[in-house]
Amino acid sequence: MTTSVIRVMLPYHLQNLAHVGPEISLEVEGPITQSSVLDAIERRYPMLCGTIRDHVTKKRRPFLRYFGCEKDMSHDPPDTPLPAAISSGTEPFIIWGAMAGG
Amino acid sequence: MGSVRVLVGTAKGAFILSADGKRETWDIAGPFFAGWTVYHMKGSPLDTNRIYASQCSDWFGQVIQRSNDGGKTWEQPGGDVPVDFSGAPPGASNKFVYEGTPGTHMWYDGTTHPFEFKRVWHLEPSLTDADTVYAGVEDAALFRSTDGATTWKELPGLREQRSNEWAPGAGGLAVHTILLDPGNPQRIYVAISAAGAFRTDDGGTTWTPINRGLKSKYLPDPNAEIGYCVHRLALHPSRPDVVYMQLHWNVMRTDNAGDLWTNVSGNLPTDFGFPIEVHAHEPETIYVVPIKSDSEHFVHDGKLRVFRSRTGGTEWEPLTNGLPQHDCYVNVLRDAMATDSLEDCGIYLGTTGGQVYVSPDGGDHWKAIVHDLPRVLSVEVQTLP
């Protein structure tokens, strides 16, 4: 099975929980999809379990969005292959909070 | 003389206020978990260095934090970066999953709505084991951890009390109060807005509604067994069968562990409010903070007044010395009043305006510890040797 190194950008509060900077690198096995990237994040940083997607249903938390290659991929099926530029590590997979204030 | 550590949860982070037994000079630490809503923090009575915190966000959901050094450092239990990534268990300290089929409760418009976990409102550490802690959550349910908040399991018997008929209050449908009986480890009281108060006598397996004597004027059935918007319960450890309640309207007491409640609102200027507390050394001395009404959630007449009864209710006196007595329009939320157990009992309250006040003499004199925190959601006090 092939292993790819993926770049992921995390929002500020998740950086603090994981004690990392804005961008992390992860080894991801097999097809590069939202699901496989999130699985890798949660294995490497178990303190982020439940903060990006639901523990049980695996649904994205409503106020988070997934971006990459200048596209909003938030509503794509989670097993859709991510763009080649993300799979190759050229572009990051971006997890971001929806804009809302207060 | 001892000292105190005040744990303050706010809408934008947590703060820890520390002082010696005089309670005159304060050290302010924080914000911890800056930018997150901290509903509640509470220390273990068995290990004062062990503190649990409920941190949450509309964006990132629930996080549970634990400190083993009195709040200097914090960790998510079970959230350590694993040495071996392949076999590591997933983090689960924020995994609150209802037992079995979650079922439904009533929604504001009278339709049914599925039980969905939203956040932890209240954490209650066990009186007998520092690794056991209870969590009252929204949508209303009670969870227990026996491994220091690393994993959680629902006590589903509570929701067997006709939870399909429970309906949310304005703030949501939540277990917000958990009282552990110090004389009987099998007995627990909880309160739910807006379902009522409940008691277990077998450690949480089975539950009984304890709402007889409560009156809520808009309930179609004036003697309904459930459906009451109980705001807060309090008891003194020396007399755990005597429980005090701030109901939506009305201050109530029971002398028989909730079998029957009587109204002790007496001469209060208004009997609507949220918190209620008991003096650490005087079981008949209780405190409430009345607010104007359910439509105007701020103190009456622009004056922040704590009312004290030395007779277990009915006869109340206003406590005003050191509290703002004009142009004040704050509220004190249900978990935002607490007492210490120093020889001269201290009373603490936090306001929706971000002030935390202390009275080091049982309510006679008050002083602001801090003026400008975010909206205060909860205040707990640890009395240290």
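Structure report, in brief. These figures come from a predicted structure and were not determined experimentally.

**Some details on the overall build of chain A**
No. 1: Within chain A one finds three helices and five strands.
No. 2: Starting at the N terminus and walking to the C terminus, you meet the elements of chain A as β-α-β-α-β-β-α-β.
No. 3: Once the C-alpha set of chain A is aligned to its principal axes, its extents read approximately 45 × 25 × 25 Å.
No. 4: Taken across its 102 residues, chain A has 33% of its residues classed as buried.
No. 5: Here the contacts in chain A between residues at least 6 apart in sequence split such that 57% fall between residues at least 24 apart.

**So, the overall build of chain B**
No. 1: Tallying secondary structure elements over chain B gives zero helices and 29 strands in all.
No. 2: Relative to its length of 385 residues, chain B is compact, with a C-alpha radius of gyration of 20 Å against a globular reference of 21 Å.
No. 3: Looking at chain B residue by residue over its 385 residues, the buried ones come to 52%.
No. 4: Partitioning the contacts of chain B with sequence separation of at least 6, the portion at a separation of at least 24 is 50%.

**Observations concerning the sheet that holds strand 6 (residues 61-67) of chain B**
Residues and elements named next belong to chain B.
No. 1: The sheet built from three strands is open, its strands ordered 4-5-6 with antiparallel pairing. Here the strands that pair on one side only, and so sit at the sheet edges, are strand 4 (37-43) and strand 6. Ignoring which end each strand starts from, the neighbouring axes of this sheet average 15° apart.
No. 2: For strand 4 and strand 5 (residues 51-57), the ladder comprises six bridges, and the chain directions are antiparallel. Of the residues in strand 5, the one forming a bridge with V38 is Q55.

**Regarding helix 2 (residues 34-44) of chain A**
No. 1: Listed in full, the buried residues belonging to helix 2 of chain A are A:Q34, A:S36, A:V37, A:L38, A:A40, A:I41 and A:E42.
No. 2: Considering only its buried residues, helix 2 of chain A is in contact with strand 1 (3-9), strand 2 (23-29), strand 3 (64-68) and strand 5 (93-97) of chain A.

**Here we look at the environment of B:L7**
No. 1: Turning to its location among the elements, B:L7 is positioned in strand 1 (residues 3-10).
No. 2: Counting along the chain gives 44 residues from B:L7 to B:I51, while the straight-line C-alpha distance between them is 9.2 Å.

**Some remarks on the sheet that holds strand 21 (residues 272-278) of chain B**
Residue and element names in this part refer to chain B.
No. 1: Taken in spatial order, the four strands of this open sheet run 21-22-23-24, and their pairing is antiparallel. Of all strands in the sheet, those with a lone pairing partner are strand 21 and strand 24 (317-319), marking the two edges. Recorded for the sheet is a direction-independent mean angle of 30° between the axes of neighbouring strands.
No. 2: Sheet topology note: the strand 23 (residues 306-309)/strand 24 ladder contains three bridges and is antiparallel. Note on strand 24: the bridge partner recorded for R308 is E317.

**Re the interface of chain B and chain A**
No. 1: Across the contact, 22 residues belong to chain B and 18 residues belong to chain A.
No. 2: Counting residues per element, the side of chain B that touches chain A draws most heavily on strand 6 of chain B, which supplies three residues.
No. 3: A breakdown of the residues in the side of chain B that touches chain A according to their chemical character gives eleven nonpolar, nine polar and two charged.

**So, unusual backbone geometry**
No. 1: Cis geometry marks the peptide bond from B:E138 to B:D139, where omega comes out at -10°.
No. 2: In this structure, A:C69 takes a positive phi of about 50° despite not being glycine.
No. 3: The residue A:C69 is located in the loop between strand 3 and strand 4 (71-72) in this model.
No. 4: Taking the number of C-beta atoms within 10 Å as the measure of exposure, A:C69 has 15 and is therefore partly exposed.
No. 5: Here A:E70, not a glycine, exhibits a phi torsion of approximately 65°, which is positive.
No. 6: What makes A:E70 exposed here is the crowd of 7 C-beta atoms within 10 Å.

**What about the environment of B:D147?**
All names here are of chain B.
No. 1: With respect to the helices and strands, the residue D147 is situated in the loop between strand 11 (141-145) and strand 12 (153-154).
No. 2: According to the C-beta neighbour criterion, D147 is partly exposed, with 14 such atoms within 10 Å.
No. 3: C-alpha of D147 to C-alpha of L219: the two residues are 72 residues apart in sequence and 41 Å apart in space.

**With respect to the pairing of strand 10 (residues 133-138) of chain B**
On a regular strand, each side chain points to the face opposite its neighbour's, so the side chains alternate between the two faces of the sheet.
Residue and element names in this part refer to chain B.
No. 1: Counting buried positions over the six residues of strand 10 gives six, a clear majority of the element.
No. 2: Residue alternation in strand 10 divides its side chains into two sets, V133, A135 and V137 and Y134, G136 and E138, and both sets are buried.
No. 3: Taken together, the six bridges between strand 9 (residues 119-125) and strand 10 define a ladder with antiparallel strand orientation. Its bridge partner lying in strand 10, L123 is registered against A135.
No. 4: Where strand 10 meets strand 11, five bridges bridge the pair, whose relative direction is antiparallel. Counted as the bridge partner of V133 is S145 from strand 11.
No. 5: Counted along the chain from strand 10 to the antiparallel partner strand 11, the turn is two residues long.

**Digging into the environment of B:E138**
All names here are of chain B.
No. 1: Tracing the sequence through the fold places E138 in strand 10.
No. 2: For the pair E138 and K118, spaced 20 residues apart in sequence, the C-alpha to C-alpha distance is 5.4 Å.
No. 3: Setting aside residues no more than four positions away along its own chain, E138 makes contact with K118, R119, W121, G172, L173 and A174.

Analysis parameters
- Residues numbered from 1 in each chain as written.
- Chains lettered and ligands numbered in written order.
- Predicted model: local features only at pLDDT ≥ 70, side-chain atom pairs only at ≥ 80, totals over all residues.
- Helix = DSSP H or I, 4+ residues; strand = E, 2+ residues; numbered from the N terminus.
- Buried ≥ 20, exposed ≤ 12 C-beta atoms within 10 Å, placed from the backbone.
- Contact = placed C-beta atoms within 7 Å.
- Rg over C-alpha atoms; globule rule 2.2 N^0.38 Å.
- Pairing = 2+ DSSP bridges.
- Axes fitted to C-alpha atoms, helices over the stretch in contact; angles between N-to-C directions.
- Nonpolar A, V, L, I, M, F, W, Y, C, P; charged D, E, K, R; others polar.

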